Amino acid sequence: MELDKMDENDWKYHGEGNKSLVVSHVQLSRVLRLLKYPAEDSENPPQTAEQAFRQIQNIVDFSSNVMSSLLGEKFIHSGEVVKLPLEFVRQLSIKVQHQRPVWRCDKVMDIYSGCALCLPNLTSPALHQPTHTPPLCIEIKPKCGFLPSSKHVSKDIKTKVCRFCMHQHYKVANGKWKRRSLYCPLDLFSGNRQRMHFAIRHLIEEPQNNFKIFKGGQCIYSSKEGSDDSLDLNSLLHHLRPYFMYGNNRINCHMTSKAVLNDFIQVLVNALLSGGGGGGVTDRRGEGRSFCEASLFNRERIRHGSQGLPSDSVLFRILQTQMLDTLDIEGLHPLYRRVEQHLQDFPKERTRLQIEGPYNEGFLEKLQKCPTEDDGSVEYAVSKVHQYRAAMTAKDCSIMVALVPSGEEEEDDDGQRRFRDFLSPRPPAFSCSVSILDLDPKPFDSIPRQLRLDQKIVSCYLRTGGALPNGSLPPLPGREDCTLLFHPV
Ligand SMILES: O=P(O)(O)O[C@@H]1[C@@H](OP(=O)(O)O)[C@H](OP(=O)(O)O)[C@H](O)[C@H](OP(=O)(O)O)[C@H]1OP(=O)(O)O
Ligand SMILES: Nc1ncnc2c1ncn2[C@@H]1O[C@H](COP(=O)(O)OP(=O)(O)OP(=O)(O)O)[C@@H](O)[C@H]1O
């Protein structure tokens, strides 16, 4: 990729989140992640090109020096900052505009700085030998997988119903989504295959911004935000079926939709539990703390008790990092105020305390060497704030599972799992690789907003008593297919 000879025709719209827009190269396995600004700032960019460069470099540093150490290097691709010709960026912005979802257009792509983050395209991995069947990539934004047990939690409900499940009520009440998702992160993070299967089933039913499927780099399944359209599950099945036909089914084409989906979810659960081999199963937190009362999973169905997550699995590493939030936002906020006060009194301390970076080994050390007891110092407070920010990033990251159909039965050197052969009487073979994306640092001053949001979510949940009009509960008319397909495993 020659940066001085960039042509917008070589790039296409790939996706976007709240703060960045991603374009992918039409031939190379590369994406560019560009910053976004509020639309009202479009005439006057809110920061200079140097500041934008620094912001992206901070993202790279935070990912490679901090999150990579917490989550495990093997899952992380930090990428590099690139300087692009401004004319290329402007043409690209015009080219992708009509493909952007309307609800994301309150922000515009940064066309002023010419800076972007260049990353491998995790939806079209160049894994092993080229294959005729394109890879399937599944993106999951799992969100927070535990219930807080901090003594600072003031509302009992927070220790019983998880943040995601409560937040769903708030989101539907505020019109962000039309229907409530019945996905519960605590089921996904349980390590119990039945609960994980149940969680993924609900992600498929109501993906929102938590679930997408890509085939050969193209998004084939995701939520249409703000839309009432039924998801096209039949179209998804049409895409998945060839990957899951095996043995006699391959010859007589007889495989029920239910079996295809079950096999797909099974392979995904395997990938999420795999990790590099040799990892023991963890001693889980008490089962009471890892079960959300809003989850529809029937606890009595857990046939073999709690299984726990393998310690080298992606879910384990993400959960451990999320749990750096030991105080809950209610206990953290007074410490944030202590730091804020200190910075008002001693503005130059901002640099020494690395409030806005640099995100280097020093930052990681501050985060990791936190005293167990609060000694009233600003150092303790900063350490907890740094930990909380890393936990926030882990609560908002996404997992990308790439599944490449494979004809051979083997295990990679690094232990990545390969599944079984297409022609065998058992489910087909995939080589899989697991990555984590969106590991940006959360701003120091986002903490007061976190507290306000927490209060709004809890009071909305308590007000509505967890009850919503029937219309906001799946399954909906026209989606019976989907419901019928799913059966207890
Ligand atoms: O606060 P939350 O839990 O709603 O998370 C926000 C996400 O909302 P979600 O609930 O996942 O739909 C939100 O995602 P969406 O815009 O809703 O897709 C962002 O990821 C936001 O992060 P940032 O401010 O862009 O760095 C996220 O904000 P942070 O709290 O991580 O800063
Ligand atoms: N390296 C990558 N390879 C392939 N696709 C990617 C890559 N990075 C991001 N994407 C796609 O682009 C989308 C938006 O990227 P990302 O989640 O990083 O944006 P964001 O603005 O940081 O999100 P958020 O709303 O969480 O703040 C992702 O959901 C994913 O589908």
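What counts, and where the lines are drawn
- Residues numbered from 1 in each chain as written.
- Chains lettered and ligands numbered in written order.
- Predicted model: local features only at pLDDT ≥ 70, side-chain atom pairs only at ≥ 80, totals over all residues.
- Heavy atoms only, no water.
- Near = heavy atom within 4 Å.
- Polar contact = N/O pair within 3.5 Å; in protein donor to acceptor, adjacent residues only side chain to side chain.
- Areas by Shrake-Rupley, 256 points an atom, 1.4 Å probe, with all protein chains shown as cover.
- Helix = DSSP H or I, 4+ residues; strand = E, 2+ residues; numbered from the N terminus.
- Nonpolar A, V, L, I, M, F, W, Y, C, P; charged D, E, K, R; others polar.
- Axes fitted to C-alpha atoms, helices over the stretch in contact; angles between N-to-C directions.
- Contact = heavy atoms within 4.5 Å.
- pLDDT = per-residue confidence, 0-100.

## Examining the site of ligand 2
- Of all residues adjacent to ligand 2, which total 21 residues, the nearest are Asn18, Lys19, Arg33, Glu139 and Asp438.
- With respect to ligand 2, the side chain of His14 contributes an N or O atom lying 3.0 Å from a nitrogen atom.
- The separation between a nitrogen atom of ligand 2 and a polar main-chain atom of Leu122 is 2.9 Å.
- Against a free-state accessible area of 620 Å², the protein chains account for coverage of 94% of ligand 2.
- Elements represented by at least two residues in the shell around ligand 2 include exactly strand S1 (11-16), strand S2 (20-25), strand S3 (30-38), strand S6 (115-120) and strand S8 (211-215).
- Residue classes in the shell around ligand 2 are distributed as seven nonpolar, six polar and eight charged.

## Overview of the site of ligand 1
- Neighbouring ligand 1 are 16 residues; Arg104, Lys171, Lys176, Lys442 and Gln450 lie closest to it.
- In this structure, Lys171 approaches ligand 1 through a side-chain N or O atom, which is 2.7 Å from an oxygen atom.
- Within the side chain of Gln450, an N or O atom sits 2.6 Å from an oxygen atom of ligand 1.
- Compared with its free state, where it exposes 590 Å², ligand 1 has 85% of that area covered by protein.
- For the shell around ligand 1, the secondary-structure elements that each account for two or more residues are helix H3 (163-173), helix H13 (378-396) and helix H14 (447-464).
- Taken together, the residues of the shell around ligand 1 sort by class into two nonpolar, four polar and 10 charged.

## So, the packing of helix H1 (residues 49-71) against helix H9 (residues 314-322)
- Two numbers describe how H1 lies on H9: the axes approach to 8 Å, and their chain directions differ by 115 degrees. Residues Met67, Ser69, Leu70 and Leu71 of H1 touch H9, and the partners they reach there are Arg317, Ile318 and Thr321.
- The residue makeup of the contact of H1 with H9, split by class, is four nonpolar, two polar and one charged.

## Points about the confidence of the model for the protein chain
- Counting all residues, the mean pLDDT for the protein chain is 86, and 82% of those residues have values of 70 or more.
- Note on residues 408-423: pLDDT is under 50 here. Beyond four places in sequence and across chains, it has 54 contacts.
- Low confidence marks residues 469-489, where pLDDT is under 50. Its contacts with residues over four positions away, or in another chain, come to 43 contacts.
- Interface scoring of the predicted complex returns ipTM 0.98; its pTM is 0.90.

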